[in-house]
Structures are given as C-alpha cells and as structure tokens.
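Architecture at a glance
Residues per chain are reported as follows:
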Amino acid sequence: MRRMPEADVHFSVAIVGAGVAGALLAHELARAGHRVLLVEAGPAGRARVDLVGDYALAAVKTPRSSYRDNQPPSPVKSPDSEDDYAQTGPSKFKSTYLRRVGGSTWHMLGNMPRLVPADLRLHSRYGVGVDWPLGYDDLEPWYGEAEHALGVAGDHRALDGLHGARRSRPFPMTRIWPSYGDLVVERAVVGLQVHGIPVELISTPQARNSRPYDGRPACAGNSSCVPICPIGAKYDGSVHVRKAVAAGAVLWDRAVVTRIDLDRTTGRVRALRYTRWDEAGARRKGSVAADLYVVAAHAVETPRLLLASRDPDAAPAGVANGSDQVGRNLMDHLQGQGATIVAEPLHPFRGPPTTVGIDCFRDGAFRARHAAFRLSIGNDGMGRSETPYAALGRLVDAGLIGTDLRTALRDRLSRQFRISYSTEMLPRPGNRVTLADGPADEFDVPRAELAMTLDDYNRQAFAKALAVVSAVFDRLGAPDGERKMQKEETYSGAGHIMGTTRMGQDPSNSVIDRDCRAHDHDNLFIVGAGAFPTGGTANPTLTVAALALRAARTVSTLLRTGP
C-alpha cells in the first residue's frame, strides 16, 4: 500500500473508514484527480489465504473466526459479541461489525437486493416511520452503477418491477445458479398462498461472480461466504481500497480517528485528530487537515466519533448534532428462522448458503400494522439449529454404529432444511447510540452504549413470517416432531446496522441532507447505512454503495468549484 509522511500533508478530502462506502468514495475521487486520504482504524490485515487458514483451524466457527488480527492489541471494544457493547436495554441489540480495511463486507453473505419504492415513502404510504428525502427514481441510476461497481449477479427480468422497483439497466452478470434444493422447494410451493398472498421463489441478487468479473474468479460454491470467500469471488470493500490506492489515494490503516476539530468561528471542520497503532503496542498521535471531510465509519462508530468530538465551549451536543439526532433511530433487520428435516433429499451445502428467497411480503398495506419481511431459502442444512457434527452426535447417542450410522447420517444430512426471515424495524428515537459512562478506551474515546426496545411492530411480523415457514414445511412433508421453530419473542441480529445519522430535508430532525452533507458543517459529509431514515427489508450494502457513488459526485464538484 502507498505510504506518505504524516506531517504537514494537506489533502483535498480525508475519509474516515475504509469499508465499502469509504472505499468507493476514495476510488471515485482519486481517479478524478483529487488528493485523497483514507483513514481506517483497523488493519489492512494478512493475506486471504491466511485468513482462510484461521477459519479452518477455528474450533468454533463464527463470523469473526477469520479475523484475529482485526483489533489493536488492546481492543477498542468493537464487538465480537453482543456483550461487548455497553447496553441499557430493555432489549438486546445483537449485530456486530469488523474494524479492518474493507470493513464488514469481508464477512457479509453477499445478498444485494434493492430497496423498493415504498421503503422510501413509508410514512406517506402507510402512516408509520418517516419518508426519505429521496425517491426510488432518484436512486435507481445509482443502483445500476453500484451493481456494476461491486459485481452483482442477478435475474434482471424477474426483478424488474418487483413491488414497483423498475430497473433501467441489466445486471453485469446472470444470476447465481439455484441449488438442487431450491428447485425442489420451488416445485413444492407452486399454488401456495399465505396471508392471502401467493408464495413464489425469486433469485436473490448477490455480489459474487457467476463468471469471471473485474479480475475475480467465478464462485466455486465453497459455502463459507460467511465469514470469508476463500477465492475472492464474493465482493468485499478491499477491492475498491486497492483500486483507490492504485488511482493515487493514500491509505492509513491502524489509524483511529479520535476527534473531529471544528473552527469555532466558521463552524467548519478544520482537522481530524488520530492515533496510529502497531502490533507491538506503540502509539503515535497526530492531526491531518483537508478541504472536505467524509465520515464513513459505520452506523455505530460514526455517531460515537461525532458525539465524542463535543466541545463544551462550542458544540456541547457533538459534531453535526444541532438536531440532537446523532445516534438516534438505530435499526437492524431482526431475524428468526425455522429448521427441519423434510421428506425428500435436498442435498444442501453445495453452493452459497442462500441463492433464492421469498420477496412477496416485502411490501403491502399490512405495513401500517406490522413490519414487512423477506425470507431466505437456506442451502446450509439446518444451520446452527443442528450442525452436521450435532447430527452425528444425535445418531451416536441413539446407539447407531458402523454401516447403520453412515446410512442414517447420510440420510439425515441430505434432508436438512432451513428458512430464515428478516423484518424491518421502524425508526424510534429511543433506539440509539450514546456514549457510555466510565473509563474510555486506550485511545481516549468513550465506549458506545446502545439502547433498543423490541416492539409489537416486529413481534407481529415474526408471527406472520413463521406462518409462511410452517406452510412451506407442510408442502415439503416435514414431521411436526422435527420442526425447530424460533420462538416469536426471540430474534437474532442481521448485521445490518442502520440509522443513527439519518438524512432529511429538515435540519431540525435529521443530520445530513439528501446528498449526505451535514446540515451543521458545509465541509463534512457522512455516508453509510447510518444515513437511512428507514430500513426496509433489503440488505443495506447495495443502497450504501449507491448513496456513496451519488455523494462522490457532489464531493468532486465541490472540490472543483468550492462550497
């Protein structure tokens, strides 16, 4: 990676965070000829082959199994589990993220659906949530740009017009092939209706290659997309970090931005303070100045930094927080699942963990009463409900040995099946990120404290989604005694952390405008899923990428013409 001296260097734009949003911005701005600095708290990390080795050797497989080098020697409390957050409840926030060059896209599943038009007009359509200051038509061309930038494989015809989401540009690649099990399920649900809505399977757009694309190979079906694609067929943010550096951007990894300094006279950002760290534990502090600044540090770390940059004499509420909205409206896609043994062999574990889903419940008048939801058809057996190792133990405990054991295990594993569901959350001001009391981390930044409440809007959606799961299980001949249905009161996190710096037209109830520019500081932009006023049911990465590419145009224009 390109290195430059840290002292007395002035950049056109300094970007905090080298995840997908920061990386795309850095690449677009660097290739336009601007002097770009990309500052990342985590490491650039070791080679992919070494990360795959860590995953293979891990006794317990988790989304973090490959990333032992993810943190400074004494962690900054980026979460490895839900307990690493300070939380005040009453419900638990259960999603996690990575601090490293490329961000959490390293261990994402790779699903890339678009939001549908009603997701951006939730209040106007259904009287709940809020509206975005952008409409679907404003985002549509940028969705096309993002799909080509990331390399998204999808079925253009099947998705064009889904819930009104028109498509003006085909995907750069044809869809990822369905698994054998997908075809069995597709036949089984023909004619099925649940809640008065016909159920059908649709190929899920994915940022993994169905053919060689952008220097990356086609997917080989290794099934370890979470936590890592061993061959790089799945996109992650390091792709555009490398492109940005090749175009002239400067990357500082292991550089924790600890404060944003404001000019008290103009209210503009004047510098970033940072601390760089190395594996030996050494620390060195500095500051860097630029013409424009972008914070792309994730929907937890971004508000944490903005709030920690408060100046009691000038901006007691923190940077960009004149509206008192920084940290508020924290959202995720609260998930559940059902797992079972079905009558006919599905032969899972061949290909990505999911390739198709049920998208018919993503929009409808019911959203006035309960959350929309999307379901994914699993290609990973029963998932964590019963791993292959647990299935083996079950049969051994039943007294099977030898040929009987092999036959029973082969039969059981071939008939394992799982469906998961993800529900949208409404933005709630009390669901938020604040700064925890008590000692700060070793970089003198207070820990993030999270508060979340599970409400009936989601509980009702859990019940509706489980009814769909049960109906599909019925069609597949799943015995009642083999069904493991998640309880309606329980949920898991999707890793889709959204809200906390939302965009809006009114500076009194939002943090940034429709171009991701801070209302309070004209040389500060904030990008990422924190910008989302509502979450819909789409995995957020594609929308994050579209907003980042759109913001890059505005930033580049300002750098050429001035604010």
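Notes on the structure follow. Along each chain, residue indices are assigned from 1 in the same order as the chain's sequence is written. Local features are withheld for residues below a pLDDT of 70 in this predicted model, meaning they are given only at 70 or higher, and side-chain atom pairs are given and counted only at 80 or more; totals for whole chains, interfaces and linings count all residues. Values shown for side chains rest on all heavy atoms present in the structure; no hydrogens or waters enter the calculation.

**Points about the pattern of salt bridges**
By salt bridge we mean one thing: a side-chain nitrogen of Lys or Arg within 4 Å of a carboxyl oxygen of Asp or Glu. Here the structure, examined in full by the defined rule, presents 41 salt bridges. Between Arg-283 and Glu-442 there is a salt bridge, with the nearest N and O atoms lying 2.7 Å from each other. Linking Arg-283 in strand E10 (residues 283-295) with Glu-442 in the loop between strand E15 (432-435) and strand E16 (448-451), this pair joins segments that are 159 residues apart in sequence. The class of Arg-283 is partly exposed, set by a relative accessible area of 29%. Between Asp-380 and Arg-418 there is a salt bridge; the shortest N-O distance is 3.0 Å. With Asp-380 in the loop between strand E13 (373-378) and helix H9 (388-397) and Arg-418 in strand E14 (residues 416-423), the pair connects residues that are 38 residues apart, well separated along the chain. A 1.4 Å probe rolled over the protein chains alone gives each residue an accessible area, and that area as a share of the maximum for its type sets the label: buried under 20%, exposed over 50%, partly exposed in between. The class for Arg-418 is buried, based on a relative accessible area of 12%. Beyond isolated ion pairs, a larger network of salt bridges with shared partners links Arg-114, Asp-137, Glu-140, Glu-147, Arg-166 and Arg-167. Secondary structure is summarised from DSSP: a helix means a run of H or I of at least four residues, a strand means a run of E of at least two, and numbering begins at the N terminus for each.

**Focus: empty space enclosed by the protein**
Any empty space left between atoms is shown by rolling a water-sized probe over those atoms. For cavity detection a 1 Å grid was placed over the protein atoms alone, and a set of points counts as a cavity when a 1.4 Å probe fits there but cannot get out; an open set counts as a pocket when protein lies on both sides within 12 Å along at least five of seven lines, with lining residues being those that have an atom within 4 Å of a point. Grid points are joined across faces, edges and corners, and a volume is the space filled by probe spheres set on the points. With the rule as written, the count across this model stands at 4 cavities of 30 Å³ or more. Taken as a whole, the largest cavity spans an internal volume of roughly 120 Å³. Around the largest cavity, the lining comprises 15 residues; the ones closest to its centre are Pro-113, Arg-114, Leu-159, Leu-162 and Arg-362. Under the scheme applied, nonpolar residues are Ala, Val, Leu, Ile, Met, Phe, Trp, Tyr, Cys and Pro; charged residues are Asp, Glu, Lys and Arg; polar residues are all the others, including Gly. Here the residues of the lining of the largest cavity sort into 10 nonpolar, no polar and 5 charged. One number sums up the size of the second largest cavity: a volume of about 70 Å³. Taken together, 13 residues line the second largest cavity, and the ones lying closest to its centre are Cys-219, Gly-221, Asn-222, Cys-225 and Cys-229.

**Structural notes on the sheet that holds E16**
Being paired, for any two strands, means DSSP has found at least two bridges between them. Taking strand neighbours across the sheet as the criterion, the 3 strands line up as E3-E16-E15 in an open arrangement whose pairing is mixed. Both outer strands of the open sheet, strand E3 (86-87) and E15, are each paired with one neighbouring strand and no more. As judged from the 2 bridges shared by E3 and E16, these two strands associate in the parallel manner. Among the inter-strand pairings, Gln-87 is bridged to a residue of E16, identified as Leu-450.

By themselves, these observations are geometric and do not establish any function.
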